[in-house]
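Structure at a glance
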Amino acid sequence: VEDRELHLLLVDKINSGCRVFSDLSFSQPKPSPYCEWVDGEWQDLETEEDKKQRYLASLRPLTRRQFMLTLVEYGLDDDIAAAINAIEDEKQRKIINIEFNNSQTFERFSDSVLFMCSLVGLEETRVNELWEYGMRL
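Residues numbered from 1 in each chain as written. Predicted model: local features only at pLDDT ≥ 70, side-chain atom pairs only at ≥ 80, totals over all residues. Heavy atoms only, no water.

**Digging into the pattern of salt bridges**
For the record, the criterion: We define a salt bridge as a contact between a side-chain nitrogen of Lys or Arg and a carboxyl oxygen of Asp or Glu at a distance within 4 Å. Labels follow the DSSP assignment, with helices taken as runs of H or I lasting at least four residues and strands as runs of E lasting at least two, numbered in each case from the N terminus. Only protein chains enter the accessibility calculation, which uses a 1.4 Å probe; a residue is then buried when its area is under 20% of its type maximum, exposed when over 50%, and partly exposed in between.
Enumeration over the complete set of coordinates arrives at four salt bridges. A salt bridge links Lys94 to Glu90, with the nearest nitrogen and oxygen atoms 3.2 Å apart. Remark: Glu90 and Lys94 occur in helix α5 (residues 90–102); sequence separation between them is four residues, near one turn of the helix. With a relative accessible area of 45%, Glu90 lands in the partly exposed category. The partner of Arg126 in a salt bridge is Glu129, and the shortest N-O contact between them spans 2.7 Å. In this pair, Arg126 and Glu129 are both assigned in helix α7 (residues 124–135), three residues apart and thus about one turn of the helix distant. Here Arg126 falls in the partly exposed class, since its relative accessible area comes to 33%.

**As for unusual backbone geometry**
Unusually for a residue other than glycine, Leu24 sits at a positive phi of about 70°. Residue position: Leu24 is located in the loop between α1 (3–15) and β1 (35–38).

**Side note on the packing of helix α2 (residues 48–57) against α7**
Cut-off, in case you're wondering: Lines fitted to C-alpha atoms define the axes here, with helix axes fitted over just the stretch in contact, and angles between the N-to-C directions of these axes take values from 0 to 180 degrees. Oblique is the label for every angle not falling under 35 degrees (roughly parallel), over 145 degrees (roughly antiparallel), or within 65 to 115 degrees (roughly perpendicular). The contact definition used throughout considers only heavy atoms, calling two residues in contact when any of these lie within 4.5 Å. Gly falls in the polar group here, along with every residue not listed as nonpolar (Ala, Val, Leu, Ile, Met, Phe, Trp, Tyr, Cys, Pro) or charged (Asp, Glu, Lys, Arg).
Orientation of α2 relative to α7, taken along the N-to-C sense of each, is 45°, at an axis distance of 11 Å. Relative to α7, the element α2 lies oblique. Counting all contacts with α2, which are made through Lys52, Tyr55 and Leu56, the residues of α7 involved are Glu124, Asn128 and Glu132. A breakdown of the residues in the contact of α2 with α7 according to their chemical character gives two nonpolar, one polar and three charged.

**With respect to the side chain of Asn128**
Quick reminder of the rule: Nitrogen and oxygen atoms within 3.5 Å of one another constitute a polar contact, given that in protein one can donate a hydrogen and the other can accept it, and given that sequence-neighbouring residues count only through two side-chain atoms.
When you line up the elements, Asn128 lands in helix α7. Within the structure, the side chain of Asn128 is placed 2.9 Å from the side chain of Arg108, a separation counted as a polar contact. The residues touching Asn128, leaving out its near neighbours within four places in the chain, are Tyr55, Leu56, Leu59 and Arg108.

**Some remarks on the pairing of strand β2 (residues 41–44)**
Note the following rule: Strands are labelled as partners when DSSP assigns at least two bridges between them.
Looking at chain direction, β1 and β2 are connected through four bridges and run antiparallel. Bridging from a neighbouring strand, Val38 pairs with Glu41 of β2. Between the antiparallel neighbours β1 and β2 lie two residues, among them Asp39 with a positive phi of about 50°.

**Quick look at empty space enclosed by the protein**
Convention followed: Definitions used throughout: a 1 Å grid over protein atoms alone; a cavity as a set of points that fits a 1.4 Å probe which cannot get out; a pocket as an open set with protein on both sides within 12 Å along at least five of seven lines; a lining residue as one with an atom within 4 Å of a point. Grid points are joined across faces, edges and corners, and a volume is the space filled by probe spheres set on the points.
Scanning all chains against the criterion turns up one cavity of 30 Å³ or more. A volume near 120 Å³ is recorded for the largest cavity. Leu62, Phe67, Thr70, Leu71, Ile80, Val113, Met116, Cys117, Leu122, Val127, Leu130 and Trp131 are the residues that line the largest cavity. Secondary structure elements with two or more residues in the lining of the largest cavity: α3 (64–73), α6 (111–119) and α7. Classifying every residue of the lining of the largest cavity gives 11 nonpolar, one polar and no charged.

The following block contains the structure:
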């Protein structure tokens, strides 16, 4: 192998995530962005908590259309509206009604969304499932 070919090969390996060693051999490509080179091999050092946080960060805001269509699909639109109207504290009822009826986007972890979910007893995993559905609309 001539020097130019070797140079191009090694640059290609580096660009594809391989480690190049002093003897000019190279590793397999890095399996994921979360792997580190430890003791001569790629190891995934990402914890379950890291994975959970990365997943939760991926739950982008829903448009009003996505949010409302998701509620309809899961039969929750009327339940949430009724639960909001049943809030005893008048000020809280008005605030949540405004959020529900006038928001143009809905953030997964906003206080109003969390409150609405608690009104109808939705657990975190179920809310995430609904959110994933909404993001595909």
